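Commentary on secondary and tertiary structure
Each chain, written out:
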Amino acid sequence: MKKEIIISGFGGQGVMLAGTLLCYAGMRASKEVTFFPSYGAEMRGGTANCKVIISDSPIGSPVFSEADILISLNCPSFEKFYPSVKDGGIVFVNSSLFSPPAEERSFEMVKIPANNIAEECGTVLAANIVMIGSFAKKTGILDPETILQSIPEALEGKEKLWDINKKALSAGFNA
Amino acid sequence: MKKEIIISGFGGQGVMLAGTLLCYAGMRASKEVTFFPSYGAEMRGGTANCKVIISDSPIGSPVFSEADILISLNCPSFEKFYPSVKDGGIVFVNSSLFSPPAEERSFEMVKIPANNIAEECGTVLAANIVMIGSFAKKTGILDPETILQSIPEALEGKEKLWDINKKALSAGFNA
Amino acid sequence: MKIRHHYCTGCGHGIIHRLLCEVIDELEIREKIIAIAPVGCAVFGYFYWNFDTAEAAHGRPPAVAAAIKRILPDRIVMTYQGDGDLAAIGGNEMLHAANRGDNITVVFVNNACYGMTGGQMAPTTVMNQITTTTPYGRNIEDGYPIKVCELLKELEGTVYIERTSVDSPANIIKSKKALKKALNCQIEGKGFSLVEILSMCPVGWRLNPQQSLEWVNKSMKKQFPLGVFKDRL
Amino acid sequence: MKIRHHYCTGCGHGIIHRLLCEVIDELEIREKIIAIAPVGCAVFGYFYWNFDTAEAAHGRPPAVAAAIKRILPDRIVMTYQGDGDLAAIGGNEMLHAANRGDNITVVFVNNACYGMTGGQMAPTTVMNQITTTTPYGRNIEDGYPIKVCELLKELEGTVYIERTSVDSPANIIKSKKALKKALNCQIEGKGFSLVEILSMCPVGWRLNPQQSLEWVNKSMKKQFPLGVFKDRL
Amino acid sequence: MNQQRKKHVKITAEYCKACGYCIKVCPDNALEFERKFNSSGYHPVKWKGKCRMCGLCYTVCPDFAVEIDDQETS
Amino acid sequence: MNQQRKKHVKITAEYCKACGYCIKVCPDNALEFERKFNSSGYHPVKWKGKCRMCGLCYTVCPDFAVEIDDQETS
Amino acid sequence: MTKKLLKGNYAVVEGALQGGIDAYFGYPITPQNEITEYMSQRMRAEDRVFLQAESELAAINMVFGAALTGKRTMTTSSSPGISLMQEGISYLAGCELPAVIVNVQRGGPGLGNIDGAQGDYFQSVKGGGHGDYRLLTLAPSSVGETYSMCRDSFDLAFKYRCPVLILTDGVIGQMIEPAEVDDTPLKKDKKVKDYGWNLTGCLGRERRVVRSLYMKEGALEKLNLRLAERYEAMKKETDWEESDTEDASLILVGYGTSARINYDAARRAREKGMKVGYFRPKTLYPFPSERLKELSGKANFLVVEMSMGQMVEDVRLAVSKDTHVEFYGRPAGGIPETDKILEICKKMTA
Amino acid sequence: MTKKLLKGNYAVVEGALQGGIDAYFGYPITPQNEITEYMSQRMRAEDRVFLQAESELAAINMVFGAALTGKRTMTTSSSPGISLMQEGISYLAGCELPAVIVNVQRGGPGLGNIDGAQGDYFQSVKGGGHGDYRLLTLAPSSVGETYSMCRDSFDLAFKYRCPVLILTDGVIGQMIEPAEVDDTPLKKDKKVKDYGWNLTGCLGRERRVVRSLYMKEGALEKLNLRLAERYEAMKKETDWEESDTEDASLILVGYGTSARINYDAARRAREKGMKVGYFRPKTLYPFPSERLKELSGKANFLVVEMSMGQMVEDVRLAVSKDTHVEFYGRPAGGIPETDKILEICKKMTA
Ligand SMILES: Cc1ncc(C[n+]2csc(CCOP(=O)(O)OP(=O)(O)O)c2C)c(N)n1
Ligand SMILES: Cc1ncc(C[n+]2csc(CCOP(=O)(O)OP(=O)(O)O)c2C)c(N)n1
Ligand code: SF4
Ligand code: SF4
Ligand code: SF4
Ligand code: SF4
Ligand code: SF4
Ligand code: SF4
Ligand SMILES: [Mg+2]
Ligand SMILES: [Mg+2]
């Protein structure tokens, strides 16, 4: 098993946190993992994305050009990355902010109103984790329990945020 | 014909001027010439020397390790350079300032009281040109007339000094 | 100038860009200006400026500008520099251009940090300010905030030096006047002019835009008093 | 210290070296001093100084010294720099060491030219002075003489700043006192100290030694008035 | 056809980054955030439709989002 | 053996570069250039043998050529 | 050792701390800002010297000062900043001072971009500064190796009294992956050691001079010959990693990030039945020329770099005369494509 | 043309003037001070821009500014000063700006000494700055050639929109010998030309931007590929001098001062009956690899440098596989000895 995942959105949407969470969880699940971030030229308002690989065997390059999975938190990043999703791949979109038309695509699309769900959990900032919950459910690559256990590591020193993120994860999983 | 000449002394004794004068004269005599200066680490009070080559055929390196002729205006530079004079070479020393003992040497030594002669000509600063006069006489490499004609070139823009240097040249030649 | 720019929410660069463009239009020098963009958040200034612009190496705009002005003395040469660019790595080029009295105009955007690289300490970071490289607040060990206007006014070569800010409509209007005066100083051949503008960097400061206005007003102005420091016009 | 040194006839470096050695002996700090020699005529200072010395890159002694002092705060760290070294290429390192208030002592030998490389214009070359790169005399185009003491005193980080000269016995004695005070400033942990010494460079100036004394007295002091510029001791 | 020119505060919602500077300086309280997001995820400012046209909102906007416009009305 | 210490201005002729600074400051006119050259080609300064021992010559000499010395005499 | 999820840039900091770093000097530049930032926390927390320099020029000269005292010192930067350090690096080499410099390479020339790239190989191993000096150059290809190389670099620097360069790039600096890190507590050596060359004040010994100006005839040449000897001695530090080279008819050569790409490509090539091997220099200077020469009897080489072709020259110089050496590279942030590599493999093994 | 006794450093100035230099920026350093000094006279006398910069860093960035305007501009320095310019040089290359840089090499590393040396070859031709750029590098071996290369360098810089480096050394800079110089009056072009890329204010045209920051994916790679194409095109400027190569079994290769030594040595070798030829690259980048390869079928090579061996790598890369390439060099002011060369010749032709 080797899954190449892109998580993308605006800076501030927690793209990087979502990516590292997957890594911690992958590591906890005794898998090989890499994480590679990329910031746009723009400061904080710009787009940001990260590439995560979860694999059963050693990983070479952390960078890849075709993804198995795309988790897209906003529209521009969806536009940018969906062409690089492999045939048969899965794309998660944050349908609170945008909703791509139902064209004929070679990948499967999962729409989650992540902002709305997150707001219900207490903060719109947890939309990223809602998406991860949905990702866990849909792909089965990582056990939701493992991800849950990894939240404290990914949010080391930010104890206050653990609960709300755990809540968001479950909400995403159950969405 | 290829003659490799070292002129050496303190900074301020006109070592470089003497060297360029030889170059101008050599050029005037349709010979190939090169001039290469070398300053010590010390500022103006330190030693200075230059290497001049006068040749009938094209000159490669302007730097050489063994000299045919050494013109030495002070004692430290004599000490430094006489070991590099070829067997059968000629060494001109400024006997106003120092007088090496008459050891058994493999080169011929010409002693000129250049400072004294120069002072007689009007300025001790012309000791360098006195030495060149003596060099011309002894070696015959360059015609004294040619050297005389080259003084204005070597002292371009310093018309006031031409006469006294011409005088010093003759005085050195006739010493 | 209608264009969406890339600065963060509440960033002062956007305001200053607009002022500059207005002033340049009012002075009718758009077609003879050559601007030097900095390395810093405003590195992409040229996306928004409709005049000749070059990007210099980090800190070197004054040297670049000095050369251009000496070669094309009838053009208007302007540098746009952040505090890291001008006061840290580029301190010497600034000092010497000012000292030579090169007839250029420097727009100096002081946001008390290195915005572009993530909010590290700048030479103008104020005491006790927390940045990504002064996690416990700037202290004496890190040096004192450098007051560029106060320093450069000591040099004989400088003609017009003013410090303004963009934290309120009144100050924005003053900033515009200062920019105009500085460019006029050059147009009239008087010599080196510099306008330092205190500018909000909400993201670098980890404040929201409203708080950042407050912070300019309370913390920065104390360290960097506004006013005209030199005027030989 | 009996040693034949390599400076030109009438060069001020020799006098300043002697003063320094006397002061260091009197303060009994020879065994704890680390000196940074400049690139310039005094590059061989270490031939004459009987204490630990390193040669820094041209202009960088303040950065080198700052690092040493921060690592070994109980040693005495001193830089010896010419005007080219300190005020031209090394202006930024000086500015920032002074601004950080690094507890080091700078001996700044101002001889109004680049002695070592043959007497070119330095930032401290006075107006109309003829040098090998200002063949028609320094003029406005070349910039103004930089007054280092006047500039650095503006920085909060500086504690003791004085300008002296070595053109007369009285001034030589004052210079010695200033050097002692500057080193004491460091010994007492007070912070950045600098002594600028106007120094003869007969060869760079194309004057004889006697004329060079005159020139320090007449031309240099006018541009660079002697005195204490800052004393927070 | 008797045309009248009337001033108008025009806000380009897509440019607005919701810093709120304009709202803060408006003497007439004539500006407010919209509920909906723009495509960048901000709640852009909108003009309530009536004010003294002082122009301060234009002055402080860092994002070229505000224009004081002449609008043709009949 | 009754020893007396007497001060003495000692000039190292080989160090002297003939700048003349010492001559200029000497209040007693007790210093002068020698006629002969030293090995570096300078006319070094020499002490005429009697003076007020003010030490100014030492103070101004850039070349470590002057020492004010204690000399043993009997 | 413990396995820890770590960012490449943080690994520089933790590795340096484990290696006993006493003083850090740096200036922000992307993509290595995390190093300076994290250093500012960790060094202060560990009561060591941290100073944000006013520029890279100042930083390298502060490193020079720190190295003079015999303490363990480091600076870090990325390509343009490293260019500014070239004079200082040449001085460190000329003064025979130990120090560690990390270059997290980004795209060039000029301001370029902030992506990972490998365009500074020549600058690193041939000498971007003036004169005949060399840098012991280490090229990590993982976060864990970034950690261990940074840790060990100080010992190397002191062993050879020379600046050591860690040549990494924005990909490895920015990536996060599990890395083995030591659990041993940090060494805290507050003593001022005497190495016989460092400056600490001359109490109880002869004074010392550290310099690189040698005006006496032949003196500077002597320094150069001494350095050359040392570079010769360094050869025993030569290090590399290889796999599947035994029976390979083609060997992929790359360092750092491009080696990771090669790793994937080589695996896929084998899957497709091509006899492709993998070779990664871990030291770029000294370069594993001898091993490459040995291998070149049996195999040809494809050198992959994130540049227009720099290390490939050292491979060409190393291999035996009848070996075929091909190059595939993408400069300035372009990532070499595994498919493209496979395509070339196919041609070269055909 | 007139034959004139001229110092190498003055030839730089006179050549640059003849080449139409508009603006000079420099900072003093031995052994090239005469250039800055003489420029200060001549440029002012000719009513052109002369500015003594506060540092080499400032100088190269002033050159950057001047180049932006489309004017002919130059800076000169010696080794340590050139190291300080590496960032700026990379920017010039990245921004595709024409400029001329003269390096009168001295001994290194560090402060080194002020003698002529050839330790900066790698820095010059491989890239001392960051990124995949190259400098068109010319190496004069006489005063006359210093003059003509400086004169022609501006045209080359504009032709390829790139920085041109004149790599000379303290021997050629300091020596005096007769040189052919033009008698044509100096061109004085006060007009501001429009090359389509230079900045002069946007009167009557679209505004322009000069930059080297390319953040858009692939954009910087494109710049690099464009530069690479240009470097490829430059190959037609490749230039060298050779003699007695026809029947040679051994060819001496050197540039600049070491070529002059080779010239003497080759002559003496011929006198002694050895079949020794002489080869001198006049362009170091592009390097005359093809010609060397042709020659390498018949002859072996001895490369002589005033360094520990730098250009020799390019010779090794150039020649055909079975050629023997030996090296003899002396670094940092040491002058290779003709006798020693002859000795090696004897061995290699035996
Ligand atoms: C030589 C070099 N060093 C460092 C950098 C990285 N860098 C880019 S911008 C910047 C500082 C920006 O701060 P400032 O000048 O204050 O501008 P701001 O972003 O705050 O507007 C730095 C350090 C660089 N590009 N080049
Ligand atoms: C990077 C670099 N640039 C230039 C030089 C050449 N250089 C040596 S000393 C010097 C200036 C000396 O002037 P100053 O500092 O005033 O000292 P002085 O000789 O007058 O005492 C220069 C430019 C150098 N060694 N290194
Ligand atoms: S980081 Fe600061 S200066 Fe930069 S764009 Fe954001 S707010 Fe503006
Ligand atoms: S050149 Fe000037 S500073 Fe240098 S040694 Fe001579 S007199 Fe002294
Ligand atoms: S023009 Fe003035 S009153 Fe009207 S909305 Fe803007 S700030 Fe408010
Ligand atoms: S000032 Fe501009 S960007 Fe800020 S809220 Fe108002 S319209 Fe939006
Ligand atoms: S000690 Fe005083 S009086 Fe005696 S020689 Fe010296 S200066 Fe003259
Ligand atoms: S001051 Fe010293 S060097 Fe000068 S003349 Fe007197 S003894 Fe000689
Ligand atoms: Mg800033
Ligand atoms: Mg000086």
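Below: a short report on this structure.

Conventions adopted
Residues numbered from 1 in each chain as written. Chains lettered and ligands numbered in written order. Predicted model: local features only at pLDDT ≥ 70, side-chain atom pairs only at ≥ 80, totals over all residues. Heavy atoms only, no water. Contact = heavy atoms within 4.5 Å. Pairing = 2+ DSSP bridges. Helix = DSSP H or I, 4+ residues; strand = E, 2+ residues; numbered from the N terminus. Axes fitted to C-alpha atoms, helices over the stretch in contact; angles between N-to-C directions. Near = heavy atom within 4 Å. Nonpolar A, V, L, I, M, F, W, Y, C, P; charged D, E, K, R; others polar.

Focus: the arrangement of the chains
Counting contacts across all 16 pairs of chains that touch, the top pair turns out to be chains G and H. No part of chain D reaches chain E; the closest C-alpha pair between them is 33 Å apart. A gap remains between chain C and chain F, with no contact made and the closest C-alpha atoms lying 33 Å from each other.

Brief notes about the sheet that holds strand β3 (residues 49-52) of chain H
By definition, the strands of a sheet pair up through backbone hydrogen bonds, in either a parallel or an antiparallel sense. All names here are of chain H. The seven strands lie next to each other as β3-β2-β4-β5-β7-β6-β13, forming an open sheet whose pairing is mixed. With one partner strand each, in any of the chains shown, β3 and β13 (283-285) form the two edges of the open sheet. Ignoring strand direction, the axes of neighbouring strands in this sheet form an average angle of 20°. Bridge count for strand β4 (residues 73-77) against strand β5 (residues 99-105) is four bridges, and the pairing is parallel. Its bridge partner lying in β5, Ser 77 is registered against Asn 103.

A few points about the site of ligand 5
Neighbouring residues of ligand 5: 13 residues in total, closest E:Cys26, E:Cys51, E:Cys54, E:Gly55 and E:Cys57. Class assignment for the residues of the shell around ligand 5 results in 10 nonpolar, one polar and two charged.

Thoughts on the sheet that holds strand β4 (residues 105-110) of chain C
As summarised here, the arrangement of the eight strands in space is β7(C)-β5(C)-β6(C)-β4(C)-β3(C)-β1(C)-β2(C)-β9(H), forming an open sheet in which the pairing is mixed. The outermost strands of the open sheet, each flanked by one partner alone, are β7 (227-231) of chain C together with β9 (209-210) of chain H. Where strand β5 (residues 158-165) of chain C meets strand β6 (residues 192-198) of chain C, seven bridges bridge the pair, whose relative direction is parallel. Directly across from C:Glu162, in β6(C), lies its bridge partner C:Val195. Along the sheet, helix α1 (residues 12-26) of chain C contacts β1 (33-37), β3 (76-82), β4 and β6 of chain C; its crossing angle with β3(C), the most-contacted strand, is approximately 170°. Relative to β5(C), helix α7 (residues 169-187) of chain C is tilted by about 165°, and along the sheet it contacts β3, β4, β5, β6 and β7 of chain C.

Function cannot be inferred from these measures alone, as they are strictly geometric.
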